Amino acid sequence: MKKLYEKSEIWFAAAWIMAYCFFLSLGDNISADIGMINVATFPISLGLCVVLFLFLKGNGVLEKYGLCKSKVPAKEMLFYIPVLVMLTANLWYGVGLYVSPLEAVFYVLTMLCVGFLEEVIFRGLLFNAMRKDGVKSAILVSSLTFGMGHIINLFNGSGEKLLPNLLQVLYATAAGFMFVMIYYKSKSLLVCIGAHGVFNALSVLVNEEVVTDGMRIISCIFLVLVCGGYGAYLTKLQFEKVGE
């Protein structure tokens, strides 16, 4: 793994993206066969978190990939208010729990691991590898690959339907843009990791009995505006600061 990292950081990031997609899809399928959501996905995702963290720590690059405190004050980031707004999205139409308490625990723990993995892989590894050849193109690729990557939920045994998945791709792209700009400006992934994990974890409480396709579309539009708008605001501030 170290040889690949030293040879090409882009291919190292790509290898992690492929490994992440493969192993979590494997975990979802095994969990489905067992009949308990995320019972296999959680230990797999936790194992990937441990391996990735230990690799970065062992090579002294935790700070390089954003596993450190923010370099700018919260005031300059608008106190992350748009991020807090985003976190409420899964609770807008009430609360429901349609899995067992144990399954809910496995789900929440898995989503926290997913938050860590996806932020470090897409924002940390991929963005950093690409920014050497142009920051703007790196921002675009990081955002789009993160959003498009959610299409895998149609095929990984998670049971995702077409419309919710397509809407997820749209707001995930906007969220990816917001997160990469938070990272680029603050030089820290901690807020991104926390927000990403919590947002996903709260989806276990979505009141599916009352949510219609129209509600999903409205929520998607609002999330795209909030996340995309905040990302655009940070982009303007950062590029004005560095003179790009």
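A. Structural context of the overall build of the protein. The helix and strand tally for the protein stands at nine helices and zero strands. Going from the N terminus to the C terminus, the protein shows its helices and strands as α-α-α-α-α-α-α-α-α. Taken over C-alpha atoms, the radius of gyration comes to 18 Å for the protein, in line with the 18 Å a tight globule of 244 residues would show. Taken along the three principal axes of its C-alpha coordinates, the protein extends 50 × 40 × 25 Å. Burial status across the protein gives 48% buried among its 244 residues.

B. Spotlight on the pattern of salt bridges. For the structure on display, the rule yields six salt bridges. Among the ionic pairs, Lys64 bridges to Glu9, the shortest N-O distance being 3.1 Å. Of the two residues, Lys64 sits in the loop between helix 3 (41-58) and helix 4 (81-87) while Glu9 sits in helix 2 (residues 9-34), which places them 55 residues apart along the sequence. Glu9 is paired through a salt bridge with Lys132; the nearest N and O atoms lie 3.2 Å apart. In this pair, Glu9 sits in helix 2 while Lys132 sits in the loop between helix 5 (101-131) and helix 6 (135-148), placing the two residues 123 residues apart along the sequence. Salt bridges sharing partners connect three or more residues here, namely Glu9, Lys64 and Lys132.

C. Molecular detail of the packing of helix 2 against helix 3. Running from N to C, helix 2 and helix 3 cross one another at 160 degrees; their axes reach a closest spacing of 8 Å. Viewed along their axes, helix 2 and helix 3 adopt a mutual orientation that is roughly antiparallel. When you trace helix 2 past helix 3, the crossing you get is right-handed. Packed against helix 2, whose contacting residues are Phe12, Trp16, Tyr20, Phe23, Leu24, Gly27, Asp28 and Ser31, the element helix 3 presents Thr41, Ile44, Ser45, Leu48, Val51, Leu52 and Phe55 at the interface. Across the contact of helix 2 with helix 3, the residue classes tally to 10 nonpolar, four polar and one charged.

D. Molecular detail of a nonpolar patch on the surface. A surface patch of nonpolar side chains, about 440 Å² in accessible area, is lined by Phe22, Phe23, Leu26, Ile30 and Ile34. Note that Ile34 resides in helix 2.

E. Expanded view of unusual backbone geometry. One non-glycine residue, Phe79, adopts positive backbone phi at about 55 degrees. With respect to the secondary-structure elements, Phe79 resides in the loop between helix 3 and helix 4. A positive phi is found at Lys187, a non-glycine position, where the angle reads about 65 degrees. By the element assignment, Lys187 lies in the loop between helix 7 (162-186) and helix 8 (190-202). On the accessibility criterion, Lys187 (30% relative accessible area) is partly exposed.

F. Main features of the environment of Arg131. With respect to the element layout, Arg131 can be found in helix 5. The exposure class assigned to Arg131 is partly exposed, which follows from its relative accessible area of 26%. Taking the C-alpha atoms as reference points, Arg131 and Ser142, 11 residues apart in sequence, are found 10.0 Å from one another. Non-local contacts of Arg131, meaning those with residues more than four positions away in its chain, are made with Ala138 and Tyr184.

G. Representation of helix 5 within the structure. Compared with the 45 Å implied by 1.5 Å per residue over 31 residues, the 43 Å span of helix 5 between its first and last C-alpha is a close match. The largest bend in helix 5 is about 30 degrees, located at Val120. Counting buried positions over the 31 residues of helix 5 gives 24, a clear majority of the element.

H. Representation of the packing of aromatic side chains in the model. If you walk through the whole model with that rule in mind, you get 12 aromatic pairs. The interplanar angle of 75 degrees and the centroid separation of 5.1 Å between the aromatic rings of Tyr5 and Phe12 together place this pair among those described as edge-to-face. Judged by relative accessible area, which is 1%, Phe12 ranks as buried. Ring plane angle 70 degrees and centroid distance 6.5 Å describe the contact between Tyr5 and Tyr65, whose orientation is recorded as edge-to-face. Here the residue Tyr5 occupies a position in helix 1 (residues 2-7), and Tyr65 occupies one in the loop between helix 3 and helix 4, the gap between them amounting to 60 residues.

What counts and what doesn't
- Residues numbered from 1 in each chain as written.
- Predicted model: local features only at pLDDT ≥ 70, side-chain atom pairs only at ≥ 80, totals over all residues.
- Heavy atoms only, no water.
- Helix = DSSP H or I, 4+ residues; strand = E, 2+ residues; numbered from the N terminus.
- Rg over C-alpha atoms; globule rule 2.2 N^0.38 Å.
- Buried < 20%, exposed > 50% of the residue type's maximum accessible area, 1.4 Å probe, protein only.
- Salt bridge = Lys/Arg side-chain N within 4 Å of Asp/Glu carboxyl O.
- Axes fitted to C-alpha atoms, helices over the stretch in contact; angles between N-to-C directions.
- Parallel < 35°, antiparallel > 145°, perpendicular 65-115°, else oblique.
- Left-handed = near helix turned anticlockwise from the far one by under 90°.
- Contact = heavy atoms within 4.5 Å.
- Nonpolar A, V, L, I, M, F, W, Y, C, P; charged D, E, K, R; others polar.
- Patch = residues over 30% accessible without salt bridge, like charges linked within 9 Å, V, L, I, M, F, W, Y side chains within 5 Å.
- Areas by Shrake-Rupley, 256 points an atom, 1.4 Å probe, with all protein chains shown as cover.
- Expected span 1.5 Å × (residues − 1).
- Bend = angle between axes of the 7 residues up to and from the residue.
- Phe/Tyr/Trp six-rings, centres within 6.5 Å; stacked < 30°, edge-to-face > 60°.

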